[in-house]
Amino acid sequence: MRQATRCARRARTALTAAVACTALVLGAAGCSGTAFEGLVGEGRSPADAIRVTPGDGDRKVRPEERLVVEVPDGRLESVRVVKSQDAQESEVPGRIAPDGMSWEPLRGAGGGRLALAAKYTVDAVALDGHGRRHARHTTFTTHVPDERFIAYATPENRATVGTGMIVSLEFNREITDRAAVQRAIRVTADPEVEVAPHWFGATRVDFRPRTYWKPGTKVTVALKLRDVEAAPGVYGLQDKTFSFRVGRSQVSRVDAAAHTMEVRRDGELISTVPITAGAPKTTTYNGKMVVTEMLEVTRMNSRTVGFGGEYDIPDVPHAMRLTTSGTFLHGNYWAPDAPGNSNVSHGCVGLRDVKGGSSKTPAGWFFDRSLVGDVVEVVNSQDKTVAPDNGLGGWNMGWHEWKTGKKPAPAGKADKKDDKKGAKGVKGDKKGEGERSGR
């Protein structure tokens, strides 16, 4: 009995001690809420643990706003940002900082500034300062601009062109920030050669090398204009790359006084063709012009270009455009005795042909051996030099003026001569210089 009583007394003492111990633990927990949270796993919300800017559900976010994922303590484990634009998804490249507390997009690698008219999705996982893992999913959309601009490019993708081709970009909006647009355009050549831009007013920029392209050159044009701000509130739409290849060299020299055209292929004279140029009252421009369009047959009407009802020829054969204002090199069947003898056209260069055109005539022979991008140079005409922005007339400018927009000092005779042959202005040509047929 004594032994049993002692055992019962010991049990009661142990139970009392256990209760007291539990009370001490609870009391300690009551003094420190943070310590208690650590023990039971309760904590902050995912939005407090992982902070994303721009905020979840934000709309019309401006492209200059900063995209960043941060934690107040602990470290980020992973961050994935996906951009959805034009029904295509792409992952935004980024990097977690060495301390693990922030993530930002990589500059210049598809990250950096936010894209316009896009939806962004952010998924992040992080460990907080107490070792608890949090995950957060957010989305936001960016500003959709009211005005966009695009560039219309010459030449066409995958074209084979002559050595005089100039890359020309015409914009559908006026460009006030030329530097921003120019940075977004890259023209490269293989074999490598320096290619420089020249602006003609607010809506056009052309690119060319110092001299004609070398035959066989591949030229690549990258237009990274998407979301480039070209003027206040006006953003680019295009992100495209195209290329073209330079074929053989062909340069033809028209002597308006001698009524002949010398055709040289790779520097060698292959033919001398009789021509008729502009009549005394409607002379042909001097200078270097580039073939920009080739038409088997076309209509030429004097009323469409500022003349009276002097001609309307519905079937001009073998027509090759040399200027925007309407200078053509084309077949002439209505004045068969003029080529080689007299100048009778309204400013075009005419070659002997037959109605409907024939490959056996001088005009047909030349047409069949020509490419868009070939050079036709006119000399000894009683007219001014064609303006450099009339078609692809940029070869009439010296290299220094092309690159800087300024004529060089009088010191260099070669450059001075080159510039003298260039444009006297860049605002186009005299009124009424349109599709001047050989009639």
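Up top is the structure.
Calculation criteria
Residues numbered from 1 in each chain as written. Predicted model: local features only at pLDDT ≥ 70, side-chain atom pairs only at ≥ 80, totals over all residues. Heavy atoms only, no water. Helix = DSSP H or I, 4+ residues; strand = E, 2+ residues; numbered from the N terminus. Buried < 20%, exposed > 50% of the residue type's maximum accessible area, 1.4 Å probe, protein only. Contact = heavy atoms within 4.5 Å. Areas by Shrake-Rupley, 256 points an atom, 1.4 Å probe, with all protein chains shown as cover. Pairing = 2+ DSSP bridges. Axes fitted to C-alpha atoms, helices over the stretch in contact; angles between N-to-C directions. Phe/Tyr/Trp six-rings, centres within 6.5 Å; stacked < 30°, edge-to-face > 60°. Salt bridge = Lys/Arg side-chain N within 4 Å of Asp/Glu carboxyl O. Patch = residues over 30% accessible without salt bridge, like charges linked within 9 Å, V, L, I, M, F, W, Y side chains within 5 Å. Lys, Arg positive; Asp, Glu negative; His and termini not counted. Charge placed at Lys NZ, Arg CZ, Asp CG, Glu CD.

**As for the overall build of the protein chain**
When you go through the protein chain residue by residue, the secondary structure sums to seven helices and 28 strands. Among the 439 residues that make up the protein chain, the fraction classed as buried is 45%. Nonlocal contacts in the protein chain, meaning residues at least 24 apart in sequence, comprise 65% of its contacts between residues at least 6 apart. Looking at the protein chain as shown, the accessible area adds up to about 22,700 Å², and 50% of this sits on carbon and sulfur atoms.

**Focus: the sheet that holds strand β15 (residues 204–208)**
One open sheet accounts for four strands, arranged β10-β12-β15-β14; its pairing is antiparallel. A strand with exactly one partner marks an edge of an open sheet, and here the two such strands are β10 (151–154) and β14 (196–199). Strand after strand, the sheet turns through a mean of 20° between neighbouring axes, direction not considered. Looking at chain direction, β10 and strand β12 (residues 167–171) are connected through four bridges and run antiparallel. Residue pairing across strands places Thr 154 opposite Ser 168, the latter belonging to β12.

**Quick notes on unusual backbone geometry**
Following Thr 53, the chain continues to Pro 54 via a peptide bond in cis, the omega torsion being 0°. Locating Pro 54 in the fold gives a position in the loop between β1 (51–53) and β2 (68–70). Backbone geometry at Lys 60 places phi at a positive 55°, although glycine is not the residue there. Tracing the sequence through the fold places Lys 60 in the loop between β1 and β2. Phi angles above zero are rare outside glycine, and Ala 117 is one such case at about 50°. With respect to the helices and strands, Ala 117 occurs in the loop between β6 (102–105) and β7 (119–127). What makes Ala 117 partly exposed here is its relative accessible area of 29%.

**Things to note about the packing of aromatic side chains**
Within this structure, the stated rule accounts for six aromatic pairs. Arranged with centres 6.0 Å apart and planes meeting at 70°, the rings of Phe 149 and Phe 171 form a pair that is edge-to-face. Here the residue Phe 149 occupies a position in strand β9 (residues 147–149), and Phe 171 occupies one in strand β12, the gap between them amounting to 22 residues. On the basis of relative accessibility, which here comes to 6%, the residue Phe 171 falls in the buried class. Their ring planes at 20° and their centres at 5.9 Å tell us that Phe 171 and Trp 199 sit as a pair that is stacked. In this pair, Phe 171 is assigned in strand β12 and Trp 199 in strand β14, connecting sequence segments 28 residues apart. Of the residues examined, Trp 199 reaches a relative accessible area of 13% and is grouped as buried. Grouped by ring-pair contacts, the aromatic residues Phe 149, Phe 171 and Trp 199 constitute a single cluster.

**Examining the pattern of salt bridges**
Applying the stated criterion across every chain, the model contains 16 salt bridges. Between Arg 80 and Glu 91 there is a salt bridge; the shortest N-O distance is 3.4 Å. Here Glu 91 lies in strand β4 (residues 88–91) and Arg 80 lies in strand β3 (residues 75–85), a separation of eleven residues in the sequence. For Arg 80, a relative accessible area of 45% gives the class partly exposed. Several salt bridges converge on common partners, so that one network encompasses Asp 86, Arg 148, Arg 226 and Asp 227.

**Here we look at the sheet that holds strand β25 (residues 312–321)**
Read across the open sheet, the nine strands follow the order β23-β28-β20-β21-β22-β27-β26-β25-β24; overall the sheet is mixed. Of all the strands in the sheet, just β23 (287–290) and β24 (293–301) have a single pairing partner and so form its edges. Averaged over all neighbouring strand pairs, the angle between strand axes comes to 35°, with direction disregarded. In this sheet, strand β27 (residues 349–352) lies alongside strand β22 (residues 268–276) in antiparallel orientation, the contact comprising two bridges. Each bridged residue has a counterpart across the sheet, and for Thr 276 the counterpart in β27 is Gly 350.

**Description of a negative patch on the surface**
Taken together, the side chains of Asp 56, Asp 58, Glu 64, Glu 65, Asp 177 and Glu 229 present a region of like negative charge at the surface. Looking at the element boundaries, Asp 177 is found in the loop between β12 and α4 (178–183).

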